[in-house]
Amino acid sequence: MKLISSLTSPFGRKVRIVLAEKHIDYQLVEDSPHAADNQIAALNPLGKVPVLILDDGRPLYDSSVIVDYLDQISPVGKLIPAEHRQAIGVKRWEALADGITDAAILIVMESRRPAEQQSAEWVAKQQLKIERGLERVATDLADRKWCTGDAFTLADVAIGCMLGYLELRFPELQWAEHHPNLAGLRARLDARASFGDTRPPAV
């Protein structure tokens, strides 16, 4: 299998962490939708990373779809519970993490537009999503070790990638100071090789 992604993509990182946790071999091909000569649109009509190229050449896209597939093909380190209600709980965490990340990416993209075309109102709306989302994550985590209790799951992977992206792009948020329990979760995640090996480069 080949994974097409950039090293700074939080969604690509989510897939890379799942691949590492499940000990699945793959080839990482670095590409960015922002590169003038990128080949991503030929694989994903939406022009987004990550894209997983299966052994038969078929592309899978959207990180949520990819991680579902990876968790199904290998019994090692199951990250999504078999029981439906528990699985939905994990996917709910993932949806919240991905939504916060999407809002953050939209702010980054807006900041790259010419200054006279940027919308302060648009940015404020995305910032509010991030703030509300972090409050919900911190409230739902409470004093648990992992997002869903005692077991490490995809929920923790998704939340960890979201927090890592906020730290990379928005250090001024200081979310760790405002939410100490999230800082504790982040520290536990950073101790795992899968997180340490996929830490995005400083940009």
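In the annotation of an unreviewed UniProt entry, the chain is listed under the name Glutathione S-transferase and assigned to Jeongeupia naejangsanensis.

## Overview of the overall build of the chain
Within the chain one finds eight helices and four strands. Counting helices and strands in the order they occur from the N terminus, the chain gives β-α-β-β-β-α-α-α-α-α-α-α. Expressed as lengths along the three principal axes of its C-alpha atoms, the size of the chain is roughly 50 × 45 × 30 Å. Looking at the chain residue by residue over its 203 residues, the buried ones come to 44%. In the chain, the share of contacts with a sequence separation of at least 24, taken over all contacts with a separation of at least 6, comes to 66%. About 10600 Å² of surface is accessible on the chain, with carbon and sulfur atoms providing 53% of the total. Averaging the locations of the 24 positively and 28 negatively charged side chains of the chain gives two centres separated by 3 Å.

## Considerations on the nonpolar core
Counting residues in hydrophobic clusters, the biggest one holds 48 residues, and the most contacted among them are Ile-159, Met-162 and Leu-166. Among the secondary structure elements, those contributing two or more residues to this core are helix 1 (10–21), helix 2 (63–73), helix 3 (84–111), helix 4 (120–141), helix 5 (154–169) and helix 7 (180–190). If we ignore the near neighbours within four places in the chain, the residues touching Leu-166 are Ile-100, Ala-104, Ile-130, Leu-134, Pro-171, Leu-173 and Trp-175. Among the nonpolar cores identified, the runner-up in size contains five residues, and Ile-4, Ile-40, Val-51 and Ile-53 belong to it.

## Looking at helix 3
With 28 residues, helix 3 should reach 40 Å at 1.5 Å per residue; the first-to-last C-alpha distance of 40 Å fits that figure. The backbone nitrogen of Arg-85 lies 3.1 Å from a side-chain oxygen of the residue at the head of helix 3, namely Glu-83.

## Regarding the packing of aromatic side chains
Summed over the entire model, instances satisfying the criterion amount to one aromatic pair. Residues Trp-146 and Phe-152 carry aromatic rings whose centres are separated by 5.4 Å and whose planes lie at 75° to one another, so their mutual orientation is edge-to-face. The buried category is assigned to Trp-146, whose relative accessible area is 6%. The ring of Trp-146 carries the charged tip of Arg-188 above its face, separated from the ring centre by 5.9 Å.

## Brief notes about the UniProt feature "domain: GST C-terminal" (unreviewed entry) in the chain
What UniProt calls "domain: GST C-terminal" (unreviewed entry) maps, in this numbering, to residues 83–203. Annotated as 70% helix and 0% strand, the span residues 83–203 places its first and last C-alpha atoms 41 Å apart.

## Points about unusual backbone geometry
Across the junction of Val-49 and Pro-50, the peptide omega takes the value 5°, indicating a cis bond. Here Pro-50 is to be found in the loop between strand 2 (27–30) and strand 3 (51–53). One non-glycine residue with positive phi stands out, namely His-23, at about 55°. Summarising the element assignment, His-23 is placed in the loop between helix 1 and strand 2. The class for His-23 is exposed, based on a relative accessible area of 65%. Positive phi values are uncommon outside glycine, yet Ala-142 reaches one of about 50°.

## Here we look at the UniProt feature "domain: GST N-terminal" (unreviewed entry) in the chain
In this structure's numbering, the residues bearing the UniProt feature "domain: GST N-terminal" (unreviewed entry) are residues 1–78. Helix makes up 29% of residues 1–78 and strand 18%, and the two end C-alpha atoms of the span are 19 Å apart.

Cut-off values and rules
- Residues numbered from 1 in each chain as written.
- Predicted model: local features only at pLDDT ≥ 70, side-chain atom pairs only at ≥ 80, totals over all residues.
- Heavy atoms only, no water.
- Helix = DSSP H or I, 4+ residues; strand = E, 2+ residues; numbered from the N terminus.
- Buried < 20%, exposed > 50% of the residue type's maximum accessible area, 1.4 Å probe, protein only.
- Contact = heavy atoms within 4.5 Å.
- Areas by Shrake-Rupley, 256 points an atom, 1.4 Å probe, with all protein chains shown as cover.
- Lys, Arg positive; Asp, Glu negative; His and termini not counted.
- Charge placed at Lys NZ, Arg CZ, Asp CG, Glu CD.
- Core = buried A, V, L, I, M, F, W, Y, C linked by side-chain atoms within 4.5 Å.
- Expected span 1.5 Å × (residues − 1).
- Polar contact = N/O pair within 3.5 Å; in protein donor to acceptor, adjacent residues only side chain to side chain.
- Phe/Tyr/Trp six-rings, centres within 6.5 Å; stacked < 30°, edge-to-face > 60°.
- Lys NZ or Arg CZ within 6 Å of the ring centre and 35° of its normal.
- UniProt positions renumbered as here; feature names shortened; annotations may be inferred.

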